[in-house]
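Descriptive structure summary
Listed below, chain by chain, are the residues.
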Amino acid sequence: MLHGDGRLSQDIDPTDRSPQDACGVFGVWVPASETGAAEVSKLTYYGLYALQHRGQESAGIAVSDGARIVVFKDMGLVAQVFDESVLNTLRGHIAVGHCRYSTTGSPTWENAQPTFRSTEDGGLALTHNGNLINTLELAARLEPGQLTATTDTEVLTALLAGARRSGGDSSALGRTSPDDAAMEILPAARGAYSLVFMDERTLYAARDPEGVRPLVLGRLERGWVVASETAALDIVGAAFVREVEPGELLAIDENGVRSKRFAQPRPKGCLFEYVYLARPDTTISGRSVHATRVEVGRRLAREHPVEADLVIPTPESGTPAAIGYAEAAGIPYGQGLVKNSYVGRTFIQPSQTIRQLGIRLKLNPLREVIEGKRLIVVDDSIVRGNTQRAIVRMLREAGAAEVHVRISSPPVAWPCFYGIDFATRAELIAGNLSVEEIRTSLGADSLGFISLDELIAASQIGKDRLCRACFDGEYPIPVDEGSRGKHLLEVANTRS
Ligand code: SF4
């Protein structure tokens, strides 16, 4: 499935978006002697640039010079929000950054991150990737009027700042430590959260006990970096050290990296990161995302073989699996669809009007490659199915003799409550139709999805260490029955 940028020009329902990830988070600490330079804000800018695929709605950076925190954020892509002159004003030696796609709260400036709260002895700036499932329960701990925005992240920030305000002195400097606030608040938070936050002197990173969303620690020659994906470490020249452990809180300052455990780890990493969400040049739990996708393609070829002349991907997310499929099937691989590489992701993704502009951006068939051929077209996932339907029609119009669709994930039949805005179950085509019914709906000659077992095998991660709820409905972090019931009710209504 395509990202928001390379959408087809025809026949696509503007609501048929690819799954959107919640966010990208990034943080950097360098020695205080570097405070005068804008180095940390520039490193954060490049880190966010590498994580842009995780959220294109807003971007922000908070910087501390040791005495005060300055936050700059706005709607838009990282390169639209920041320029050289803005970055030059963000001077300090600690920074956190964020690129956002809204999964809770509306796409407004107030909900952009980093969120910031004043405390009695300074401030707290926080970034979050994931989605809490007990936000209302947590918000009930706050005084009325304490919230200025509508996100789970704002609730967390207010709680951490509030706990910091009410807590006792816990450092040699006589200041309240955010470590203690986090150790008190985080065990009460349920859901997915990879957090990067800071006060004036310390950079913090924390990951939920399930470790649903990725978060890694890297080392600079002089300093430390935390980021959603290893690809962001590569881009700023940081060496990968290790993953932040599920249930772990890291504090980074001039004394190095300190680790505390606020909960026992119950690893349930998101399987969909391997399918679509993460960059192919990222490594999660020691497994290359690109290698996983190629291996999924090989396994897909063995599970769903078909006689054909050419294997093509839907660029670019279907490419590694198409390469693997072609290799295993012994069928030539080629480019049958050309994506306009100069089209960025559409600005402010969730806006209907802007999304419709995005749809007009071209993905063009290469007629001379396609004409008369029996094609296998490989895509990463099907959400609502409208994009694939348009691709099949476009390929037929370009002269394809046959169009066989192969999908490198199992049918997405359940919503995600942990930070990906899959549609409700009623809107998911696989939540309502059988594979054969989906094939008919797409107009394909055949349709094959990789099985869940084969996808898990390709990831080389144990099944019990993965969240795979959008495929099998088994939610590793219990979801409020009301929420599940709502989705089930919607399905029931659709069917009746
Ligand atoms: S439900 Fe799917 S997308 Fe959401 S965390 Fe689990 S595997 Fe990932």
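Everything here concerns the structure above.
Residues numbered from 1 in each chain as written. Predicted model: local features only at pLDDT ≥ 70, side-chain atom pairs only at ≥ 80, totals over all residues. Heavy atoms only, no water.

This part takes up helix α9 (residues 289–303). Over its 15 residues, α9 runs 21 Å from end to end, which matches the ideal 21 Å to within 8%, given 1.5 Å per residue. Of all the residues in α9, the buried ones are Val289, Thr292, Arg293, Val294, Glu295, Val296, Gly297, Arg299, Leu300 and Ala301. For α9, the N-terminal capping position is held by Ser288, with its side-chain oxygen 3.3 Å away from the main-chain nitrogen of His290. (Helix = DSSP H or I, 4+ residues; strand = E, 2+ residues; numbered from the N terminus. Expected span 1.5 Å × (residues − 1). Buried < 20%, exposed > 50% of the residue type's maximum accessible area, 1.4 Å probe, protein only. Polar contact = N/O pair within 3.5 Å; in protein donor to acceptor, adjacent residues only side chain to side chain.)

As a matter of local geometry, the ligand sits amid 13 residues, with Arg213, Cys270, Cys416, Cys467 and Cys470 nearest to it. Of the pockets mapped on this structure, the ligand occupies the largest cavity. For the shell around the ligand, the residue count by class is 11 nonpolar, no polar and two charged. (Near = heavy atom within 4 Å. 1 Å grid on protein atoms, 1.4 Å probe; cavity = no way out; pocket = protein on both sides within 12 Å on 5 of 7 lines; lining within 4 Å. Sits in = over half its atoms within 2 Å of the grid points. Nonpolar A, V, L, I, M, F, W, Y, C, P; charged D, E, K, R; others polar.)

We now examine the side chain of Asp253. As for its placement among the helices and strands, Asp253 is situated in strand β12 (residues 248–253). From its side chain, Asp253 meets the backbone nitrogen of Asn255 in a polar contact 2.9 Å long. There is a polar contact of 3.0 Å between the side chain of Asp253 and the side chain of Arg258. In this view, Asp253 contacts Trp29, Arg201, Thr202 and Arg258; residues no more than four positions away in its chain are not counted. (Contact = heavy atoms within 4.5 Å.)

A separate point is the nonpolar core. Nonpolar side chains in soluble globular proteins tend to be buried together. Ranked by size, the top nonpolar core spans 72 residues in total, and within it Phe272, Leu395, Tyr418, Phe422 and Phe471 carry the most contacts. Broken down by element, the residue count for this core peaks at five residues, all from helix α8 (residues 272–277). For Leu395, the residues in contact, after removing those within four places along its chain, are Ile312, Leu337, Ile370, Leu375, Val377, Ala400 and Val403. Listed in part, the 28 residues of the second largest apolar core include Val30, Leu48, Ala50 and Leu220. (Core = buried A, V, L, I, M, F, W, Y, C linked by side-chain atoms within 4.5 Å.)

Glancing now at the environment of Leu90. Along the polypeptide, Leu90 turns up in the loop between α3 (84–89) and β4 (94–100). Judged by its relative accessible area of 2%, Leu90 is buried. The spatial distance from the C-alpha of Leu90 to the C-alpha of Ile69 is 9.4 Å, given a sequence separation of 21 residues. Filtering out sequence-adjacent residues up to four positions away, Leu90 remains in contact with Ala38, Ser41, Ile61, Val63, Val70, Phe72 and Phe82.

Let us now look at the sheet that holds strand β22 (residues 446–449). Backbone hydrogen bonds are what pair the strands of a sheet, in a parallel or an antiparallel way. Read across the sheet, four strands follow the order β17-β20-β21-β22 without closing on themselves; strand pairing throughout is parallel. Looking at the sheet topology across the chains shown, the edges are occupied by β17 (310–313) and β22. Between one strand and the next, the sheet's axes are offset by a mean angle of 20°, whatever the strand orientation. The pairing of strand β21 (residues 402–407) with β22 spans four bridges and is classified as parallel. Bridged to His404 within β22 is Ser446. Against the sheet, α9 makes contact with β20 (374–379), β21 and β22, and its axis sits at roughly 130° relative to β22, the strand it touches most. Against the sheet, helix α13 (residues 386–397) makes contact with β17, β20 and β21, and its axis sits at roughly 150° relative to β21, the strand it touches most. (Pairing = 2+ DSSP bridges. Axes fitted to C-alpha atoms, helices over the stretch in contact; angles between N-to-C directions.)

A word on empty space enclosed by the protein. As enumerated under the stated definition, the model contains eight cavities of 30 Å³ or more in all. For the largest cavity, the calculated volume is near 100 Å³. Surrounding the largest cavity, 15 residues form its lining, Arg213, Cys270, Cys416, Cys467 and Cys470 being those nearest its centre. Looking at side-chain class alone, the lining of the largest cavity contains 13 nonpolar, no polar and two charged residues. (Points joined across faces, edges and corners; volume = space filled by probe spheres on them.)

This part takes up the packing of aromatic side chains. Any two aromatic rings considered together are summarised by their centre-to-centre distance and by the angle between their planes. For the structure on display, the rule yields nine aromatic pairs. Each ring, one from Tyr45 and one from Tyr49, has its centre 5.9 Å from the other, and the planes form 35°; the classification is tilted. Of this pair, Tyr45 and Tyr49 both sit in helix α1 (residues 39–50), four residues apart, roughly one helical turn. For Tyr45, a relative accessible area of 13% translates into the label buried. Note on Tyr49: relative accessible area 46%, which makes it partly exposed. Clustering of aromatic rings is evident, with ring pairs tying together Tyr45, Tyr46 and Tyr49. In this arrangement the basic side chain of Arg219 is found over the ring face of Trp224, its NZ or CZ atom lying 4.0 Å from the centre. The positively charged end of Arg425 is found above the aromatic ring belonging to Trp414, 3.8 Å away from the centroid. (Phe/Tyr/Trp six-rings, centres within 6.5 Å; stacked < 30°, edge-to-face > 60°. Lys NZ or Arg CZ within 6 Å of the ring centre and 35° of its normal.)

What follows deals with the environment of Leu428. Secondary-structure assignment places Leu428 in the loop between β21 and α14 (435–442). When the C-alpha positions of Leu428 and Val383 are compared, they lie 5.5 Å apart, and in sequence the two are 45 residues distant.

Turning our eyes to something else, we now look at the sheet that holds strand β10 (residues 223–227). Sheet architecture is open: seven strands sit in the order β3-β2-β4-β1-β10-β9-β11, paired in antiparallel fashion. Because the sheet does not close on itself, it has two edges, and the strands there are β3 (69–75) and β11 (239–243). Neighbouring strand axes in the sheet, compared pairwise and without regard to direction, differ in orientation by 15° on average. Bridge count for strand β1 (residues 23–29) against β10 is four bridges, and the pairing is antiparallel. Within β10, the residue paired with Gly27 across the bridge is Val226.

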